[in-house]
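# Structure assessment
Residue strings, one per chain:
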Amino acid sequence: MNIYTDPQRPLATTEGIYEIGAPDENSPVLLTTNFSLTYFIVSGEIETSRVPSYLLVMDTEGLSVMTAWAAGKFVADAIAPFVKKCGIADKIKYHKLVIPGYAAAESGGLEEELAGWEVQVGPREGAHIPGYLKAWKP
C-alpha cells in the first residue's frame, strides 16, 4: 500500500550487492539498475536458473536500464566506479561482469575503465537469463 509515495518518483531498490542462491567465488556477477521492477524481474529469473549469482544493483535514481542509459546514468563512466567501490572484487575469483544486453554499447568503455575485468553482454530480456546463466562458464 504505497499510498504515501510520490507517483512522479519511481520505486527504487537499495544499491548494493545481492547474493542469490548462496554464491561463491566462482559465481557469475550480473549488473542492473535499481528500478524496482527491473530488480524483481532480474532477481526472480536468477532464482529460476538455480545458478548461485551475485547481482549488483546500481543506483540510477530508480530508472530502468534503457532510460538510465539514455539519461547518461548507466554508462561506463558511472558503472566502473560503482563496481570498484562496491566490494565485489573481494568476493570473486574471476573478474567477469555481465551487463544487460540493452547496455551492450558500454562494454568497450567498461573494459577500458575496469582493468583486469572481462565484460560480458547478457541477454536483453529477463526471460533469457536462466538459459544464459546455465551456459555461463567462469
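Keep in mind that what you see is a predicted model, and the values were worked out from it rather than measured.

What follows is about the overall build of the protein chain. Helix and strand counts for the protein chain come out as five helices and five strands. For the protein chain, the N- to C-terminal ordering of α and β elements is β-β-α-β-α-α-β-α-β-α. Rg of the C-alpha trace for the protein chain: 14 Å, near the compact-globule value of 14 Å for 138 residues, within the 12% margin. Residues counted as buried form 42% of the 138 residues belonging to the protein chain. By element, 52% of the accessible surface of the protein chain is carried by carbon and sulfur atoms, the whole surface being about 7600 Å².

Taken together, the side chains of Asp77, Glu111, Glu112 and Glu113 make up a negatively charged region of the molecular surface. Examined against the element boundaries, Glu111 turns out to sit in helix H4 (residues 107-113). Overall, Glu111 belongs to the partly exposed group, its relative accessible area being 39%.

By the burial criterion, the buried members of helix H3 (residues 76-86) are Ala76, Ile79, Ala80, Phe82 and Val83. Down the axis of H3, the smallest arc covering the buried residues is 165°, so these residues share one side. Projecting away from the buried face of H3 at angles above 90 degrees are the exposed residues Asp77, Lys84 and Lys85. Two residues or fewer after H3 comes Gly87, characterised by a positive phi angle close to 95°.

What follows covers the side chain of Thr60. Mapped onto the elements of the fold, Thr60 is located in the loop between strand S3 (53-58) and helix H2 (65-70). Beyond its immediate sequence surroundings of up to four residues, Thr60 is in contact with Thr33, Asn34, Ala68, Lys73 and Phe74.

Going through the model one piece at a time under the given rule, you end up with four salt bridges. Here Glu61 ties to Lys73 by a salt bridge, and the two come within 3.3 Å at their closest N and O atoms. Separated by twelve residues along the polypeptide, Glu61 in the loop between S3 and H2 and Lys73 in the loop between H2 and H3 bring together distant segments of the chain.

A few words on the side chain of Gln120. Relative to the elements of secondary structure, Gln120 occurs in strand S5 (residues 118-121). Among the residues examined, Gln120 registers a relative accessible area of 14% and is labelled buried. Looking at Gln120, its side chain comes within polar contact range of the side chain of Glu118, at 3.1 Å.

Rules used in this analysis
Residues numbered from 1 in each chain as written. Predicted model: local features only at pLDDT ≥ 70, side-chain atom pairs only at ≥ 80, totals over all residues. Heavy atoms only, no water. Helix = DSSP H or I, 4+ residues; strand = E, 2+ residues; numbered from the N terminus. Rg over C-alpha atoms; globule rule 2.2 N^0.38 Å. Buried < 20%, exposed > 50% of the residue type's maximum accessible area, 1.4 Å probe, protein only. Areas by Shrake-Rupley, 256 points an atom, 1.4 Å probe, with all protein chains shown as cover. Patch = residues over 30% accessible without salt bridge, like charges linked within 9 Å, V, L, I, M, F, W, Y side chains within 5 Å. Salt bridge = Lys/Arg side-chain N within 4 Å of Asp/Glu carboxyl O. Lys, Arg positive; Asp, Glu negative; His and termini not counted. Charge placed at Lys NZ, Arg CZ, Asp CG, Glu CD. Arc of directions from axis to C-beta. Contact = heavy atoms within 4.5 Å. Polar contact = N/O pair within 3.5 Å; in protein donor to acceptor, adjacent residues only side chain to side chain.

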